[in-house]
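Spelled out, the chains give:
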Amino acid sequence: MEAERIEGHPESYPSQEHPAGDLTSAGVLHRPTHVSALPPQHGLETGRTRGNRVMSFRRGVVRQSKFRHVFAQAWKAEHCIDDVRVSRVTWDGPLCAVNPKFTAVIIESGGGGAFLVLPLNKSGRIDQATPTVCGHAAPVLDVQWCPHDDNVIASGSEDCTVKVWQIPDGGLTGPMTDPVATLEAHSKRVGILAWHPTAFNILLTAGCDNLVCVWDVGTGELVYQIADAHPDLIYSVSWNRDGSAICTVCKDKALRVIDPRRGTVLKVKEKVHEGTRPMRAVFLSDGKILTTGFSRMSERQLALWDTRDMSEPMAVQEMDTSNGVLLPYYDPDTNMVYLCGKGDCTIRYFEVTDESPYVHFLSLYSSKEPQRGAGFLSKRGVDVNKCEIARFYKLHERKVEPISMTVPRKSDLFQGDLYPNTASVEPSLLAEDWIAGQDAPPLLVSLSGGYAGAPSKNRDTLRNRPKLLSQGSGTDSPPAPRQTATPTGVAIETESEGVMPQRVTQGEGGSDGVKREDDVLSEVLAEVKALRSVVLAQGQRIELLERQLARIEDGDV
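Model, not experiment: these values are computed from the prediction.

Rules of the game
- Every chain is numbered on its own, with residues counted from 1 as its sequence reads.
- Given that the model is predicted, a residue must reach a pLDDT of at least 70 before its local features are reported, and side-chain atom pairs must reach 80 or more before they are shown or counted; all residues, however, enter totals for whole chains, interfaces and linings.
- Hydrogens and water molecules were not included; the side-chain quantities draw on all heavy atoms of the structure.
- The pairing criterion is simple: DSSP has to find at least two bridges between the two strands.
- Here a strand is any run of E in DSSP of at least two residues, a helix any run of H or I of at least four, and the numbering for each starts at the N terminus.
- For helices, the fitted axis covers only the stretch in contact; all axes are lines through C-alpha atoms, and the angles between them, taken along N-to-C directions, range from 0 to 180 degrees.
- Two joining distances apply to patches: 9 Å for like charges and 5 Å for nonpolar side chains (Val, Leu, Ile, Met, Phe, Trp, Tyr), and every residue must have over 30% relative accessible area and no salt bridge.
- Reported accessibility uses the Shrake-Rupley method at a 1.4 Å probe radius. Residues are deemed covered only where the shown protein chains occlude them.
- Salt bridges are identified by distance alone: a Lys or Arg side-chain nitrogen within 4 Å of an Asp or Glu carboxyl oxygen.
- Using a 1.4 Å probe on the protein chains alone, a residue whose accessible area is under 20% of its type maximum counts as buried, one over 50% counts as exposed, and one in between counts as partly exposed.
- Pairing of aromatic rings covers Phe, Tyr and the six-membered ring of Trp, with a centre-to-centre limit of 6.5 Å; geometry is then stacked below 30 degrees between planes, edge-to-face above 60, and tilted otherwise.
- By the criterion adopted, a ring carries a charge over it if an Arg CZ or a Lys NZ lies within 6 Å of its centre and within 35 degrees of its normal.
- Any pair of nitrogen or oxygen atoms within 3.5 Å is treated as a polar contact; in protein, a donor-acceptor pairing is required on top of that, and neighbouring residues in sequence qualify only through side-chain atoms on both sides.
- Pairs of residues are marked as contacts when any of their non-hydrogen atoms sit within 4.5 Å.

Chemist: Mind showing me how you'd approach the sheet that holds strand β14 (residues 190-195) here?
Modeler: Note: strands within a sheet are paired through backbone hydrogen bonds, in either parallel or antiparallel orientation. Here we have 4 strands laid out as an open sheet, ordered β14-β15-β16-β17, and antiparallel in their pairing. In this open sheet, the two edge strands, each paired with only one partner strand, are β14 and β17 (221-226). Each strand axis lies, on average, 25° off the axis of its neighbour in the sheet, ignoring direction. Pairing of strand β16 (residues 212-216) with β17, which is carried by 5 bridges, proceeds in the antiparallel orientation. Counted as the bridge partner of tryptophan 215 is leucine 222 from β17.

Below you can see the structure in the form of structure tokens.
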């Protein structure tokens, strides 16, 4: 009978109040709370209450998930970046942005604002003479890499401007002061930047003037402005999966879903969190919205909302009474959410599913040093050889420390179940297509090519993607992006084929040598293709055996 109650829905249980000052196994003090309104602290099945911590579970009722054993590990000291003067600006932002090529960190700068751009594989001490991007007249508040060009980064500043920069492939060789585009429309400081997930050169900005602006970076044109939707300071903005809508949270405690092209508010939910401290919101891939904020008693909260019915949250989870704002980082491939609190020493991570209680606590990473901010590496840059599913770049006072999130696997083969196809560097739409009303999901690419290919710093070598247009070349239009994304291994093959005709035209006398090179290249590509098929077959076999082993361990066989 007890086992049936464990597996049932949380609302089928009688209400139970916890004694005041109940201490969970994580050592976090919680106020009395109704069991049906609050999912368990550690993501166990909903039959368990914190008031009955000694309840024993039979093995079969534990929720099955491949991410249940994700563990976090900080890199060794020799792989960290030292002597980085991380900015002390009073703004609740991540202060860091990472992509498969570069790490950008906002730093202290006298007489203006600056941020540091370093190659992703850079480690060790940073010399004080290292060149920076220093074109702002006031401190920089936010930086964001373009998802469709790993060399393009946007920065927002207290000087009320947004600047777009083109970083050379090898990194900075001298101070960079001239941006390729300067976007001016805000009357107060600009602290929120968000690139469109699928349309090329579309950038959203939000400032302390309560304005939301949408720009075509290629022409420097302000294409949309939302001026009357927010009566107070905007805390965060997030695009949905195909870029057809945005969600925002504001100082008035309201969550809004907005159509940025029409400027209309589609959904509004008042008092998403009762507390007065800043909130955050992020769109999930299935259209739901996850928010972080504070309760009336200043407890930090996590809530999940269904945009079809926002009258009540699908799940609410209270964590602790710290003052730091919880910054959510969402991975659409694994449906995991990582919460980094500014000033915290921990990173919590959850899995969002379609099963009640919907948001399942997985684990937390804890360290001795508090974090000033954190950068989240896109999935194209993780090390699939080590089953790394996410990587953070934690900002200390004078150090940047990488932290890897890894799923332990015994096999050395590519784990296809951990790495579904992820968003490609190729855009789905051009700016003018999105402005005209078109929407498209992101183009996907397999990470298996990254597993067999070159290191991440050399993987992004597609040559035919559109280039960023500077403000002065607004009359030109970028070339149309390819309609299908290509895995890395196949992209290398395409480039090699594009290079071959150039070699033939360089000299008629070298045709025999070129032919031999072509033959060798064909043999290598054929061998790579055969090996890839063998690896894929063996990976499927291992996955089948692991599922059988899991069923045996759970007593299902």
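Structure shown, so let's carry the discussion forward.
Chemist: What exactly am I supposed to notice about a nonpolar patch on the surface here?
Modeler: Judged by side-chain polarity, Val520, Val524 and Val528 come together as a nonpolar surface patch covering roughly 220 Å² of accessible area. Residue position: valine 524 is located in helix α6 (residues 511-553). For valine 524, a relative accessible area of 42% gives the class partly exposed.

Chemist: What is the right way to read the packing of aromatic side chains from this model?
Modeler: For any two aromatic rings, the description comes down to two numbers: the centre-to-centre distance and the angle of the planes. With the rule as written, the count across this model stands at 12 aromatic pairs. Both rings, one in tyrosine 329 and one in phenylalanine 392, keep their centres 5.4 Å apart while their planes meet at 85°; by these two values the pair is edge-to-face. Of this pair, tyrosine 329 sits in strand β26 (residues 326-331) while phenylalanine 392 sits in strand β31 (residues 388-395), placing them 63 residues apart in sequence. For the residue pair tyrosine 329 and phenylalanine 392, the accessibility class agrees, reading buried in each case. The ring of phenylalanine 294 carries arginine 277 above its face, with NZ or CZ at 5.4 Å from the centroid.

Chemist: Help me understand the side chain of serine 238 in this model?
Modeler: With respect to the secondary-structure elements, serine 238 resides in strand β18 (residues 234-239). In this structure the side chain of serine 238 is engaged in a polar contact, spanning 3.1 Å, whose partner is the backbone nitrogen of phenylalanine 283. Sequence-distant contacts of serine 238, that is, excluding residues within four places in its chain, are made with Ala245, Ile246, Cys247, Ala281, Val282 and Phe283.

Chemist: Would you mind showing me how to read the sheet that holds strand β25 (residues 315-318) here?
Modeler: Read from one edge to the other, the open sheet built from 4 strands follows the order β22-β23-β24-β25, with strand pairing classed as antiparallel. For this open sheet the edge positions go to β22 (280-283) and β25, each flanked by a neighbour on one side alone. Across the sheet, the axes of successive neighbouring strands diverge by a mean angle of 15°, strand direction being ignored. Sheet topology note: the β22/strand β23 (residues 289-294) ladder contains 4 bridges and is antiparallel. Looking at β23, one finds that arginine 280 is bridged to threonine 292.

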